[in-house]
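Descriptive analysis of the structure
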Amino acid sequence: MPVVLLGALTFATGYAVLNGGGGDPEKWNLSLLILGLAGIVCASRADARGVTDRLALWAAVLLPAFVAFQLVPLPPGVLQILSPARGELADALGAVLPPVHFAPLTIGPPKTWHHLSRIVGYALIFLMVRRLARQRPWTAAIPLILIGGAEAAWGLMRASAAEAVSGTFFNHAQFSGLLEMILPFALVGGVGLLGSRFAAALGLMGLAAVIFIAIVSSLSKMGFISTLGSLLVMGVLLVASRVPGWKKWPALAGLAVLLLGVFLAVAPNELVDAFGTTTSDPSGEGRMPIWGDTLKIIAAYPLFGSGLATYFPALLRFQTSGLHFAWVNAHNDYLELLAELGVLGFGIAAALMGLVFYRAARAAVSRSGWETRLLGLACVGGIAAALIHSLADFNTYVPADAMVLAWVAGMAAGLEPLPHGRGSERKVLMAGSGLAVVYSAAWLIFLGFGFNVDAKAEPVFCRFGICDTYGLESTRLLLHKAKAIDKLPPSDVEEFLRRDPAGPYRWEDLGDSFQNAGRTGYARYCYRKADALGPNIPYMLSRAANFHFDLGENREALALLSRAMQADPQYQGTAFSAYAQRKIGLEEVFHHGLPDASAAQAFLHDLLGDKKVAEAGRTWAWILSKNHADDKIAIEYVNSLLETRSYDAAAHAWADYQGAHADGYVFNGDFEADPGRGPFDWRLDKRPGFKISIDPGVAYSGHRSARIQFDGTENVETIDLSQTIFLPPGRYKFQAYVKMDGITTDQGVSFQVLNVTTDNMMGTTDWRLVEKEFQVPANAGLVQVRLFRRRSWKADDLIKGTVWIDQVRIVREERK
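Nothing here was measured: the structure is a model prediction, and the numbers come from that model. (Residues numbered from 1 in each chain as written. Predicted model: local features only at pLDDT ≥ 70, side-chain atom pairs only at ≥ 80, totals over all residues. Heavy atoms only, no water.)

Some points on the confidence of the model for the protein chain
For the protein chain, per-residue confidence averages 89 on the pLDDT scale, and residues scoring 70 or more make up 96% of the total. Here residues 46-52 is modelled with pLDDT under 50, and outside its nearest four sequence neighbours on either side it reaches 31 contacts, counting other chains as well. (pLDDT = per-residue confidence, 0-100. Contact = heavy atoms within 4.5 Å.)

As for helix α23 (residues 520-533)
Compared with an ideal rise of 1.5 Å per residue, which puts 14 residues at 20 Å, α23 spans 20 Å between its outermost C-alpha atoms and is within 8% of the ideal. Of the residues making up α23, those classed as buried are Ala 523, Cys 526, Tyr 527, Lys 529, Ala 530 and Leu 533. Down the axis, α23 shows its buried residues gathered within 160 degrees of arc, on one side only. Summarising the geometry of α23, the exposed residues directed more than 90 degrees from the buried face are Gly 521 and Arg 528. Looking at the buried positions of α23, the neighbouring elements they touch are α5 (84-94), α22 (504-516) and α24 (538-550). (Helix = DSSP H or I, 4+ residues; strand = E, 2+ residues; numbered from the N terminus. Expected span 1.5 Å × (residues − 1). Buried < 20%, exposed > 50% of the residue type's maximum accessible area, 1.4 Å probe, protein only. Arc of directions from axis to C-beta.)

Regarding the packing of aromatic side chains
Using the criterion set out here, one finds 30 aromatic pairs in the structure. Between Tyr 579 and Phe 603, the aromatic rings sit 6.4 Å apart at their centres with planes inclined by 70 degrees, giving edge-to-face as the arrangement. Note that Tyr 579 is positioned in helix α26 (residues 572-582) and Phe 603 in helix α28 (residues 597-609), a separation of 24 residues in sequence. Judged by its relative accessible area of 6%, Phe 603 is buried. (Phe/Tyr/Trp six-rings, centres within 6.5 Å; stacked < 30°, edge-to-face > 60°.)

Points about empty space enclosed by the protein
Per the stated rule, a full pass over the model turns up 3 cavities of 30 Å³ or more. What the largest cavity holds in volume is close to 60 Å³. Around the largest cavity, the lining residues are Gly 177, Glu 180, Met 181, Ala 386, His 389, Ser 390, Asn 395, Thr 396, Asp 401, Ala 402 and Leu 405. When residues of the lining of the largest cavity are traced back to their parent elements, those giving at least two are α8 (172-193), α16 (370-389) and α17 (399-413). One number sums up the size of the second largest cavity: a volume of about 50 Å³. In terms of residue class, the lining of the second largest cavity is built from 7 nonpolar, no polar and 1 charged. (1 Å grid on protein atoms, 1.4 Å probe; cavity = no way out; pocket = protein on both sides within 12 Å on 5 of 7 lines; lining within 4 Å. Points joined across faces, edges and corners; volume = space filled by probe spheres on them. Nonpolar A, V, L, I, M, F, W, Y, C, P; charged D, E, K, R; others polar.)

Section: the pattern of salt bridges
This structure, assessed with the given rule, holds 25 salt bridges. With a shortest N-O distance of 3.3 Å, Lys 529 and Glu 88 are connected by a salt bridge. With Lys 529 in helix α23 and Glu 88 in helix α5, the pair connects residues that are 441 residues apart, well separated along the chain. The class of Lys 529 is buried, set by a relative accessible area of 10%. With its nearest N and O atoms 2.5 Å apart, the salt bridge here joins Glu 553 to Arg 524. (Salt bridge = Lys/Arg side-chain N within 4 Å of Asp/Glu carboxyl O.)

Things to note about the layout of surface pockets
Counted as a void, the largest pocket has a volume near 1100 Å³. Lining the largest pocket are 38 residues, with Lys 111, His 114, His 115, Arg 118 and Tyr 470 sitting closest to its centre. Here the lining of the largest pocket gets 5 residues from one element, more than from any other, and that element is helix α6 (residues 109-135). Taken together, the residues that form the lining of the largest pocket break down as 18 nonpolar, 10 polar and 10 charged.

Some thoughts on the sheet that holds strand β12 (residues 800-812)
Spatially, 5 strands are ordered β4-β5-β12-β7-β10 in an open sheet, and the strand pairing comes out antiparallel. Looking at strand neighbours, the two that pair on one side only are β4 (690-695) and β10 (763-776), the edges of this open sheet. Across this sheet, the average inter-strand angle for adjacent strands is 25 degrees, counted without regard to direction. Summarising the sheet, strand β7 (residues 730-743) and β12 pair through 9 bridges and their orientation is antiparallel. Residue pairing for β12: Lys 739 is matched across the bridge by Trp 804. (Pairing = 2+ DSSP bridges. Axes fitted to C-alpha atoms, helices over the stretch in contact; angles between N-to-C directions.)

Considerations on the nonpolar core
Leu 9, Met 128, Trp 138, Phe 185, Val 356 and Met 411 are the most contacted members of the largest nonpolar core, which totals 116 residues. Once residues lying within four places of it in the same chain are set aside, the contact partners of Val 356 are Phe 126, Ile 383, Ala 409, Ala 412 and Ala 413. Counting 84 residues, the second-largest nonpolar core is a separate cluster that includes Leu 586, Ala 599, Leu 641 and Phe 680. (Core = buried A, V, L, I, M, F, W, Y, C linked by side-chain atoms within 4.5 Å.)

Here's the deal with unusual backbone geometry
The omega torsion of the bond from Phe 312 to Pro 313 falls at 25 degrees, within 30 degrees of zero and hence cis. One non-glycine residue with positive phi stands out, namely Lys 481, at about 55 degrees. Looking at the secondary structure, you find Lys 481 in the loop between α20 (469-480) and α21 (490-499). Backbone geometry places Asn 668, a non-glycine residue, at a positive phi of 55 degrees. Look at Asn 668 and you get buried, because its relative accessible area is 0%.

Dropping the structure here:
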């Protein structure tokens, strides 16, 4: 019997591992069918007599029972008391569907049904492995070690230098999540056999090495942390129980140093870089804001949760970050389970894990046999790895990983053999196995005979928790020759909303269907409800905007798109495309469709990209009036005008943006602002022989001036202090105040505008005005004002000294 049972358990678990974690309904239900049949064959007299053992048994029974209770239809009054948020959804359905007399606690019955079957499967593994572990403790661990070794070897064989190892899984973190729970068994088993079976010990140690290398090669940060963490927990337990007195502390310190050394020695550069990136990211790769939003789900469904596996769409009502992703998991099993099961259901799951961890730890430090202590220690490591990894991932939602965790928990619960007791365990095992067989067989028939795409049969199966909503959608679209779900009649779309009443997308589907049927009042109600269930989701807001656009309600539509852009700036391009397609006037866009400076700047950028010059000009003027401009968008707009040779418009745009910094035709001539921010600003480049900077302590007026320091090492000819300006044809006067200190050689410095230069300035002088009149011919275009020096041909040609420049301006000469 043990051999047959182990074979069935190994096949079911290995099949899930082989098929990407076993999440596909067909693959999972085949595994469940095998588990159910094995449970029926295995059912025999129960052997739970001890208090701790009975608690573990009841915890295993209570969790499936609690999830089943989430599926029980309740009267609206009771639902309002137990879960007001769920009662609100039931009331909302009653406004557009036939009266709802009963509704379950879960907001997504099909999802909860499917995951209930998983919980039953995990419970069966737990109970059967527990019985095996009582009879032959280490025999129950051998299949896990073989599965882990095979998966690790397969992953490494298929490894690519450029990619993380993921084995048969779709995700490298789930791959490492499986191996990290199995590694302690291979490692401890190998150590335990060193004194008696050296060859077997070497084999197990080799498997442990392969598994560890695969975990490291997966480049999973949490996988690596969980592995080292589990080893640390195992080491701490051994030290605390075996090392006496004060000697514990040096031993613990040495253990910590050893594990740190392992990290530094074996972590590949890619993994170290990933850790560095994560530590510099305050959002924890986007997880922490989502965790904050998850707390709001917990507050809305505190006692009974939203229903197992309903994190999405429950999150949509409260989501405020990562809005361009569908967060179907919280990336934290504790928060996700709290949200879905509530305090009561989470307490049951926590009690079960706490009990089995306690059993494993007690066995590891007990006076039992050597094999029992080693297996207890391995169970401690496996459970610890899973618990640590669950802080930042969702491995317990991956069937294969959860099956292995249930397997480890079953071994931990069965470490201490107890006398035979009454037949309660047999009844539980028989009942759970029978349900698993019936449910999984029905699922396989449902899929195998095509009932999932049968418009009449699928709803019948779905009453018993066997649903394929997307298959039914496709079937009904084919029957009605429709291209989208909103083209179906409302009676067909209502079915989808009943199954997923918390999904704003389902309310919008029904709203569009009502609108196409001419029932605008009902459509409005559906869109209002969708808005309440997904107030920050850009896609939902965009659909609602299209609904209002089609009704000619541009103001409401623009307000919705504005909210979408505020929630997620990445949605700006989609909103602007809608404005263009709907031919929304600029004034409407300005007043209702641009919620903030970011959106306004993005809108101008979009117009510039489409070469819409006139619209861009009006938008620029509006942006200036609202103080929404910054250097980046101003430079982009001015450069776009320069590209089209609109020099006058570019100069005026820059002057309008800079305001007080414009002095005549020269910008920032007093150097009171930092140069280098735009096409009409000063250029202060670097060359050998001199240094240009802003002197905050010397000025003709104000507080600052430009300073050029010649170091006496070069015969300088080019001085990179210049500004590009636009001057209309006419006569002008250049003016600047200059101060000099010890300028050497026969060639000092001069200003040049067009072909006109000021006098050569040398020596030492206090502030003095330098002026020069000049003529700008027609079509001169852009003009450059620059400081320059003619090359000296004397023997003493290396210029040294300092020049300060302030109050540079160009004024137009009035005709006489």
